[in-house]
Amino acid sequence: MEWANQLCENRQFGSKMTDSKYFTTTKKGEIFELKAELNSDKKEKKKEAVKKVIASMTVGKDVSALFPDVVNCMQTDNLELKKLVYLYLMNYAKSQPDMAIMAVNTFVKDCEDANPLIRALAVRTMGCIRVDKITEYLCEPLRKCLKDEDPYVRKTAAVCVAKLHDINAQLVEDQGFLDTLKDLISDSNPMVVANAVAALSEIAESHPNSNLLDLNPQSINKLLTALNECTEWGQIFILDCLANYTPRDDRESQSICERVTPRLSHANSAVVLSAVKVLMKFMEMLPKDLDYYSTLLKKLAPPLVTLLSAEPELQYVALRNINLIVQKRPEILKHEMKVFFVKYNDPIYVKLEKLDIMIRLASQANIAQVLAELKEYATEVDVDFVRKAVRAIGRCAIKVEQSAERCVSTLLDLIQTKVNYVVQEAIVVIKDIFRKYPNKYESVIATLCENLDSLDEPEARAAMIWIVGEYAERIDNADELLESFLEGFHDESTQVQLQLLTAIVKLFLKKPTETQELVQQVLSLATQDSDNPDLRDRGYIYWRLLSTDPVAAKEVVLAEKPLISEETDLIEPTLLEELICHIGTLASVYHKPPSAFVEGSRGVMHKRLPARTGSGESTESPDVGTAAGGSAPEAAPSIIPSQGDLLGDLLNLDMAPPTTSGPPPPTTGMQMGGMDLLGGGLDSLVGISHSVDPYLGGDIGGSPAMGAGFGAAPAVMPASLNAPVGGGLGDLFDLGGVGMPMGAYIPPKIVWLPAMKAKGLEISGTFARRAGVIQMELILTNKAMSVMTDFAIQFNRNSFGLAPAGPLQVLTPLGPNQTIEVSLPLSTVGPVMKMDPLNNLQVAVKNNIDVFYFSCQYPISMLFVEDGKMERQVFLATWKDIPNDNESQFQIKDCHLNSDAASSKLQGSNIFTIAKRTVEGQDMLYMSIKLSNGIWVLAELRVQAGNPNYTISLKCRAPEVSQCVFQCYEAVLKN
């Protein structure tokens, strides 16, 4: 990239003719002609030749053969020619390190040139040549340039320190360059200060615990002084650095805010967002009763509104950042609702973001205006937008109670349009309104039932089934309605099946004598005829509850539902704080912390907002839409996990170990309907062999998540089904029992190329991963009568870019009947092409006799990297984020390890255990794997004591790798 930038820079010199002519030659013998021209005595001819070389290099031709001839052109006073030669050097020095040494003397000499442009050019080029031998010679010139009298040279040298640190960190520390860089923060030139800050920030990112940017009030003052005079990108570097500083008190915080506020009116949107980030962070320390605090809130609104007048792509980035700001401080934009109204020519991605922010800003004061807009949007032609608009009407009803009746009326009007997708979305949101306001709007159920036949989307069908089950006592033909859904039970989605199961059980508990046959039918379909483990497990739990303790069943299934939160899609507070600290970066667009998407990050710092210094006041911002009575909400809304989400449900369960011991309490003798629903009684359940997942719940009806053992009747139900995550989650992630990792698994060597197919050369081998390096371990055997020499190896394009990292080291001739073992290091930066099977590798081996071809399959575990242990919260979020369609389930048979031994063995192959949980004698291990190309694989391994068969579920964004990963699990655990 650096040389491409320089190529553009060369345009400033101009030329009498257009440069396009250099890109048109394709004649043969060109290299020979260029060689002659490069050695010409005429300066103009030499310059023309170098331009041709650069043009060839730019379009991808290999002109490395001209390296010595181009280097000879360095000795020139012509700045344009020198730039071109330096450009060539940067590109080819790595492949010709020994030749590149020839250029060192010229570099050193140029670093002392009278022209500051040449001094800066020399030190910049030396920093871009990533060759260790040259790095040693760079130290002295760099030291001089860091103290150069010209600021242009100093600012270039500051960036060079960061580049050198990336090549050889120890050398930079030993030479004292970091201290010199810190001194440059006090430089008189603002651009030097900005570049020094940028370089130190980059070095600090790769060494998060180094405390390089040791900021104090004096250095902050210098940065703020430089802020007014440097370029826009320099300002961004300084503002980002300021955002990492924590002021001592509210006075210092206010002082910094006052000096940063003018940046809000900058023309560059990146500068504006960086300034917003600093102000959002430092506002945390200002007392809310301070006049300046309210002034600052008013000043933040106009620049954010101005960002929305840019082109759509910038608008989208601005809206994603505003979405975070509004969640943290809605009062900033509470009077700016109109700017978020959708324009007819907005792209869909901008429309959807604006809609989201409108709902967040909706309050009693502006709800009439918002509803009028939303009703208009619901008649648009864009289906996705209309769906979101209908949902938004439902969210308004839930958020602003005074508007609920008006919203329901609007939704009924939309249902009367009979537009299929509008009707379906309306039913989904009306179900949520019923949850928020029970016994208030149930009169509309009859209208909903009229549209039953038109529902074809799983979410709408599930919502309608929930309504019928929940209000079965008010619907005369509830059993007929549910029975109509039951006819195509196996064709329904999992979401609908789970909901139908719960609804029919609710109906049975309300009308036991009329629906006995119906409930038996659905329990039979869910348990005996279904392959879905979630459905089967829930069916067995309901079956067991109904057959052993109907009173408990009624308490569980018909329990009073908690009111749903007004905002179920708020970002979790600690994550929101971290994202606020990353405003203006990709994290603020993705709404994910950098650690979730920055691959190979050596240590991502988790940032937090500072604590407020006032008198114990809450750090939460006041709510825009407070209730009519004026009372603030008592607690932050709890986020309801999506239906059928195993790991989401874990967060809402109290995981503390049971405190009771001894035999279970006796069950009641009461039988509902006068019969045992199980037919065979309790004994028939005890013998069931399949494992039961106790983590159920989270269905649309909000039926409580519940775990019930198969060996005993249910004991006392949990007091709170939305228990806070305390010791519970900590217990889930207690890996105390997991043993130390063993060595990585290496498959046994097998014959890849038999001697009869390769004129006497036999090749056998395997693959291994040692200290992070993939090795292809080969045994070459000469079964011919002649000596074999000149060995070389090449790979075809393959799925993961495997390629030899060096030549095949067969240093001595291979005589008849001789065998030699060779270890070939591999890289993963070769060309990529999807193979079938995915781990197939096509290899060509050459010797003095011929070229031979063979295929082999490498275990994908060779690609499992060492930094594949995912953060626990990231694991939970990622599991939820990956679609359920991407989940694959496999059986590992005849494996006799306990869960600790299995975990230890797998960790040796970079399969990391994130969490372990034991339920009903079954250990559940949650694991993460990262492949060399950045693909993450998440796994759940179930190990039942005494059962040699394991069950493994794999989730991955690239599901085609799951089969190979399963094969690795099987190979590692069984060997």
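Note that the structure is predicted; figures quoted are calculated from it, not measured. (Residues numbered from 1 in each chain as written. Predicted model: local features only at pLDDT ≥ 70, side-chain atom pairs only at ≥ 80, totals over all residues. Heavy atoms only, no water.)

Among the secondary structure elements, Thr766 is positioned in strand β2 (residues 761-770). Sequence-distant contacts of Thr766, defined by excluding residues within four places in its chain, comprise Ile746, Pro747, Pro748, Lys749, Trp752, Gln775, Met776 and Glu777. (Helix = DSSP H or I, 4+ residues; strand = E, 2+ residues; numbered from the N terminus. Contact = heavy atoms within 4.5 Å.)

Bringing the confidence of the model for the protein into the picture now. Per-chain confidence: the protein averages 78 in pLDDT, with 82% of residues scoring 70 or above. Taken together, the stretch residues 614-741 has pLDDT below 50 and engages in 226 contacts with residues farther than four places along the chain or on a different chain. (pLDDT = per-residue confidence, 0-100.)

A cis amide bond links Asp836 with the next residue in sequence, Pro837, at an omega value of -5°. With respect to the secondary-structure elements, Pro837 resides in the loop between β6 (819-827) and β7 (840-846). With a phi angle near 50°, Ala771 is a residue other than glycine that sits in the positive phi range. Here Ala771 is to be found in the loop between β2 and β3 (773-782). By relative accessible area, which is 84% here, Ala771 ends up exposed. With phi around 60°, Asn817 is a residue other than glycine that occupies positive phi space. Its place among the elements puts Asn817 in the loop between β5 (803-804) and β6. Its relative accessible area of 67% is what places Asn817 among the exposed residues. (Buried < 20%, exposed > 50% of the residue type's maximum accessible area, 1.4 Å probe, protein only.)

Time to look at the sheet that holds β7. With respect to topology, 3 strands assemble into an open sheet ordered β4-β7-β8, the strand pairing being antiparallel. Where the open sheet ends on each side, the last strands, each with one partner, are β4 (792-795) and β8 (851-857). Neighbour to neighbour, the strand axes of the sheet diverge by 25° on average, direction disregarded. (Pairing = 2+ DSSP bridges. Axes fitted to C-alpha atoms, helices over the stretch in contact; angles between N-to-C directions.)

Once that is clear, we can look at helix α5 (residues 79-92). The terminal C-alpha atoms of α5, which comprises 14 residues, lie 20 Å apart, in line with the 20 Å expected from a rise of 1.5 Å per residue. Of all 14 residues that make up α5, 13 are buried, and the element is covered over most of its length. (Expected span 1.5 Å × (residues − 1).)

For the rest of this paragraph, the subject is the nonpolar core. In this structure, Tyr88, Leu142, Leu223, Leu374 and Phe434 are the most contacted members of the largest nonpolar core, which totals 220 residues. Those residues in contact with Tyr88 that lie beyond four places of it in its chain are Val53, Ile54, Met57, Val63, Ser64, Leu66, Phe67 and Val70. Listed in part, the 63 residues of the second largest apolar core include Tyr745, Leu753, Leu814 and Val972. (Core = buried A, V, L, I, M, F, W, Y, C linked by side-chain atoms within 4.5 Å.)

It is worth spelling out the packing of helix α15 (residues 232-243) against helix α17 (residues 269-283) at this point. Each pair of packed helices can be summarised by the angle the axes make with each other and by the distance between the axes. The contact between α15 and α17 brings their axes to 9 Å, and the two run at 15°. By the angle between their directions, the pair α15 and α17 is classed as roughly parallel. Seen along the crossing, α15 lies across α17 with a hand that is left-handed. Each of Glu232, Trp233, Gln235, Ile236, Leu239, Asp240, Leu242 and Ala243 in α15 lies in contact with α17, whose residues at this interface are Ala270, Val271, Ser274, Ala275, Lys277, Val278, Lys281 and Phe282. The residue inventory of the contact of α15 with α17, partitioned by class, reads 10 nonpolar, 2 polar and 4 charged. (Parallel < 35°, antiparallel > 145°, perpendicular 65-115°, else oblique. Left-handed = near helix turned anticlockwise from the far one by under 90°. Nonpolar A, V, L, I, M, F, W, Y, C, P; charged D, E, K, R; others polar.)

Let's shift gears to a negative patch on the surface. A cluster of acidic side chains, namely Glu480, Glu483, Glu487 and Glu517, defines a negative patch on the protein surface. With respect to the helices and strands, Glu517 occurs in helix α29 (residues 516-527). (Patch = residues over 30% accessible without salt bridge, like charges linked within 9 Å, V, L, I, M, F, W, Y side chains within 5 Å. Areas by Shrake-Rupley, 256 points an atom, 1.4 Å probe, with all protein chains shown as cover. Salt bridge = Lys/Arg side-chain N within 4 Å of Asp/Glu carboxyl O. Lys, Arg positive; Asp, Glu negative; His and termini not counted. Charge placed at Lys NZ, Arg CZ, Asp CG, Glu CD.)

This brings us to the pattern of salt bridges. Summed over all chains, the structure comprises 36 salt bridges. Here Lys431 makes a salt bridge to Asp432, at a shortest N to O gap of 2.9 Å. Looking at Lys431, the relative accessible area reads 9%, which means it is buried. One salt bridge in this structure joins Glu866 and Arg769, with 3.0 Å as the shortest N-O distance. Pair noted here: Glu866 is in the loop between β8 and α37 (872-881) and Arg769 is in strand β2, with a separation of 97 residues, a long-range link. Owing to a relative accessible area of 40%, Glu866 belongs among the partly exposed residues under this scheme. A relative accessible area of 13% means that Arg769 is categorised as buried. One connected set of salt bridges, linked through shared partners, spans Arg387, Arg391, Glu425, Glu457 and Glu459.

Along the polypeptide, Asp881 turns up in helix α37. Counting along the chain gives 76 residues from Asp881 to Arg957, while the straight-line C-alpha distance between them is 9.4 Å. Ignoring sequence-local partners within four residues, the contact set of Asp881 consists of Lys592 and Arg957. One polar contact links Asp881 to Lys592, side chain to side chain, over a distance of 3.0 Å. (Polar contact = N/O pair within 3.5 Å; in protein donor to acceptor, adjacent residues only side chain to side chain.)

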